Amino acid sequence: MKATFGGGCFWCTEVIFQNIEGVSTVLPGYMGGKVDNPTYEQVCEGNTDHVEVVQIDFDENKVGFIELLKVFFRTHNPTTLNRQGNDVGTQYRSVVFYHSEEQRGETDRFISSLQDDAIFEDQIVTAVEPAVTFWEAENYHHDYFNQNPGNPYCAAVIAPKVQKFLKEYQS
């Protein structure tokens, strides 16, 4: 099965989902835009309408789509429009790109339950859209955090996020 999530910088989301049992691959890329084969630079300019995403292949016998949704909503802020922390722009918007009507329904129900239970102080702005063409990111973005732990952004932003997630997820 596939799942595709946009939750800010794909370097952050990639490493989170790499740590989920039952996830076989996590690829950074772009989805939802109007330009074929976009480059990172084009997407960062904010003119292509693409979102930085991770596309996940998972074994639904080991991890369900709902569990992936739980991880997704636990590890980014779904209440800020076109922003995750210091990353600002439509390319960082919160979105679930569904691959089936079942995923769409599960996502809609999941978001409704989060809203009903007032899990977040503010309104959830995560979009739920049909998956379209996935454009894989350039090779240097693959496994970025693990390949570049000394990068200042990785050390200051991603590492604490991963440590917090692993502590919560494993307990």
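Residues numbered from 1 in each chain as written. Predicted model: local features only at pLDDT ≥ 70, side-chain atom pairs only at ≥ 80, totals over all residues. Heavy atoms only, no water.

Caption draft 1: Quick peek at the nonpolar core. Counting residues in hydrophobic clusters, the biggest one holds 39 residues, and the most contacted among them are Phe5, Phe17, Ile56 and Leu68. Discounting residues that sit within four places of it in the chain, phenylalanine 5 has contacts with Phe17, Glu52, Val53, Val54, Ile56, Phe65, Leu68, Leu69, Phe72, Val95 and Val96. (Core = buried A, V, L, I, M, F, W, Y, C linked by side-chain atoms within 4.5 Å. Buried < 20%, exposed > 50% of the residue type's maximum accessible area, 1.4 Å probe, protein only. Contact = heavy atoms within 4.5 Å.)

Caption draft 2: The arrangement of the pairing of strand β7 (residues 127-130) in detail. Where strand β6 (residues 94-98) lies against β7, four bridges are found, and the strand directions are parallel. Among the inter-strand pairings, valine 95 is bridged to a residue of β7, identified as alanine 127. Taken together, β6, helix α4 (residues 101-116) and β7 form a β-α-β motif whose crossover is right-handed. (Pairing = 2+ DSSP bridges. Helix = DSSP H or I, 4+ residues; strand = E, 2+ residues; numbered from the N terminus. Right-handed = clockwise from strand over helix to strand, strands pointing away.)

Caption draft 3: Focus on unusual backbone geometry. The phi angle at aspartate 49 is positive, at roughly 70°, despite the residue not being glycine. Tracing the backbone through its elements, the reader meets aspartate 49 in the loop between α2 (40-45) and β3 (51-58). We classify aspartate 49 as partly exposed; its relative accessible area is 38%. The backbone of alanine 118 shows a phi angle near 50°, a positive value even though the residue is not glycine. With respect to the helices and strands, the residue alanine 118 is situated in the loop between α4 and β7. Judged by its relative accessible area of 56%, alanine 118 falls in the exposed class.

Caption draft 4: Structural view of helix α6 (residues 152-170). In this model, α6 (19 residues) spans 26 Å end to end at C-alpha, consistent with the 27 Å of a helix rising 1.5 Å per residue. The sharpest bend along α6 reaches about 40° and sits at isoleucine 158, with the proline proline 160 one to four residues further on. Among the structural elements, α1 (10-18), α3 (65-74) and α5 (144-147) are those in contact with the buried residues of α6. Structurally, the start of α6 carries an N-cap: the backbone nitrogen of tyrosine 153 is 2.7 Å from a side-chain oxygen of asparagine 151. (Expected span 1.5 Å × (residues − 1). Bend = angle between axes of the 7 residues up to and from the residue. Polar contact = N/O pair within 3.5 Å; in protein donor to acceptor, adjacent residues only side chain to side chain.)

Caption draft 5: Region of the structure containing the pairing of strand β1 (residues 2-7). Taking burial as the measure, the six residues of β1 include five buried ones, the bulk of the element. Note: β1 against β3, four bridges, orientation antiparallel. Across the sheet, residue alanine 3 finds its bridge partner in β3, namely isoleucine 56. Pairing of β1 with β6 involves four bridges; the strand directions are antiparallel.

Caption draft 6: Spatial organisation of the environment of phenylalanine 73. Looking at the element boundaries, phenylalanine 73 is found in helix α3. Phenylalanine 73 sits in the buried class, given a relative accessible area of 4%. For the pair phenylalanine 73 and glycine 29, spaced 44 residues apart in the sequence, the C-alpha separation amounts to 19 Å. The contact partners of phenylalanine 73, leaving out residues within four places of it in the chain, are Pro78, Phe110, Ile111, Leu114, Phe120, Ile124 and Thr126.

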